[in-house]
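# Survey of secondary and tertiary structure
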Amino acid sequence: MHPSLNPAALAELRRPRPYPAVTVLLPTHRREPDNAQDPVRLRNLVHEAKERLESDPAVAREQRREVAAQLDRAVAEIDLVHAEDGLAVFAAPGEHQVWSLARTVPSRVVLSDTFLTRNVVAAQAAERPYWVLAVSADRVSLWSGTAGRVTEHEADGFPLTRSLEDPDAERKERIGDVPSTFRDEQTRRFLREADAAAAGVLRSHPRPLFVAGEAAALSLLDDVGAVGKEATPVPHGGLAHGPADAVWQAVRPFLAARDKSELDAVLHELDAAQGRRQYAAGLDEVWQNVTTDRVRFLAVEDSYRATVRDDGGHLVPAGSDDLDAVDDVVDDIVERALDTGAQVRFVPEDTLADRGRIACALRY
């Protein structure tokens, strides 16, 4: 994900630009052999964008040359060797931006007076980072996670390590005073330090926390500290040393449960709004309400898009070659909802099939 992806950056992306603001979206691939064709696909899409600039009578010659140059500068900055799942390239007079997204996007070229930011917004919504604290008696590691992977966080005092060798072990054995590992005072002190370090990270970078370890480790961490009390326990030992894939596989079922719970909450919110008669569904109804700033909560299917034109106050389907057409009105709806303070949730395809693919709860 783009390192500065945050609400302020997204708001800046959404502001109107001088026409033509060009958006190029490309699905990319992390691994071979799928990523071999990504450079070719990128060149083809950029070539398509330049051809559309060339053939658009609304674009003056100087604008055409300027935006084409911005596209070339953007392409020069792209490192497809370290690609994620999607790429968004934005170019307009005087500027260009490249965003690598941990989420796939459709292959598209759009010319408009705004950038097509819906996919970046969806990527940010889907990112939902979290922490995994993996606990053992001799090592405590912290992992930064997103929907599809975790990476070890090697800062802020992590990982914490210690030796389990006890120089006084022989004497303790002679007098029968060898406590179990997770009853030992040194282990208590070690996990207390880990708890304090994790609390510091959470203060600076608040995220949901999962704590992984064997039952005795989780119990002791909960006893000596505070972070475990608010965390989701993952009763799985042997993860403090990784590898990353093992940590992710252990937490994956808990992420799936979280996703289901959040999807259920979206549908419950829409049902409750419908019961209060503060509800709208389908493209035209939602458009009518978002343009009057009445939308409080918006749910939209990930892949839903529509090209329309305004036919005297109502939206009707249009072809992409229609000069009055809005290329993707769903993107406009999402942006307007965000600009007016509404919550926006993206849901899997067909979740809202009986609601017209898009639905909202109203303020009044």
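Since the model is a prediction, treat every value here as computed from it, not as a measurement.

Helix and strand counts for the protein chain stand at ten helices and 16 strands. Put simply, the protein chain has 364 residues, and 44% of those count as buried. Within the protein chain, contacts between residues separated by at least 24 positions form 67% of all contacts whose residues are at least 6 apart in sequence. Surface summary for the protein chain: the accessible area is close to 18500 Å², and the carbon and sulfur share equals 49%. Within the protein chain, the 61 negative side-chain charges are centred at a point lying 2 Å from the centre of the 44 positive side-chain charges.

Another aspect to go through is the pattern of salt bridges. Enumeration over the complete set of coordinates arrives at 26 salt bridges. For the salt bridge of Asp339 with Arg14, the shortest nitrogen-to-oxygen distance reads 2.9 Å. Pair noted here: Asp339 is in helix α10 (residues 329–339) and Arg14 is in helix α1 (residues 7–14), with a separation of 325 residues, a long-range link. Overall, Arg14 belongs to the buried group, its relative accessible area being 11%. Residues Glu48 and Arg52 are paired through a salt bridge, measuring 4.0 Å at the closest nitrogen-oxygen approach. Here the residue Glu48 and the residue Arg52 both occupy positions in helix α2 (residues 38–55), the gap between them amounting to four residues, near one helical turn. By relative accessible area, Glu48 is classed as partly exposed at 34%. One connected set of salt bridges, linked through shared partners, spans Glu12, Arg15, Arg17 and Glu95.

Core analysis: the largest hydrophobic core is formed by 26 residues, its most contacted members being Leu133, Val135, Val140, Phe158, Leu191, Leu209 and Val211. Of all the elements, helix α6 (residues 185–204) adds the most residues to this core, at eight residues. The residues touching Val211, leaving out its near neighbours within four places in the chain, are Leu133, Val135, Leu218, Leu221, Gly228, Ala231, Thr232, Pro233 and Val234. One finds Val286, Val295, Leu315 and Leu362 within the second-largest nonpolar core, a separate group that totals 24 residues.

Calculation notes
- Residues numbered from 1 in each chain as written.
- Predicted model: local features only at pLDDT ≥ 70, side-chain atom pairs only at ≥ 80, totals over all residues.
- Heavy atoms only, no water.
- Helix = DSSP H or I, 4+ residues; strand = E, 2+ residues; numbered from the N terminus.
- Buried < 20%, exposed > 50% of the residue type's maximum accessible area, 1.4 Å probe, protein only.
- Contact = heavy atoms within 4.5 Å.
- Areas by Shrake-Rupley, 256 points an atom, 1.4 Å probe, with all protein chains shown as cover.
- Lys, Arg positive; Asp, Glu negative; His and termini not counted.
- Charge placed at Lys NZ, Arg CZ, Asp CG, Glu CD.
- Salt bridge = Lys/Arg side-chain N within 4 Å of Asp/Glu carboxyl O.
- Core = buried A, V, L, I, M, F, W, Y, C linked by side-chain atoms within 4.5 Å.

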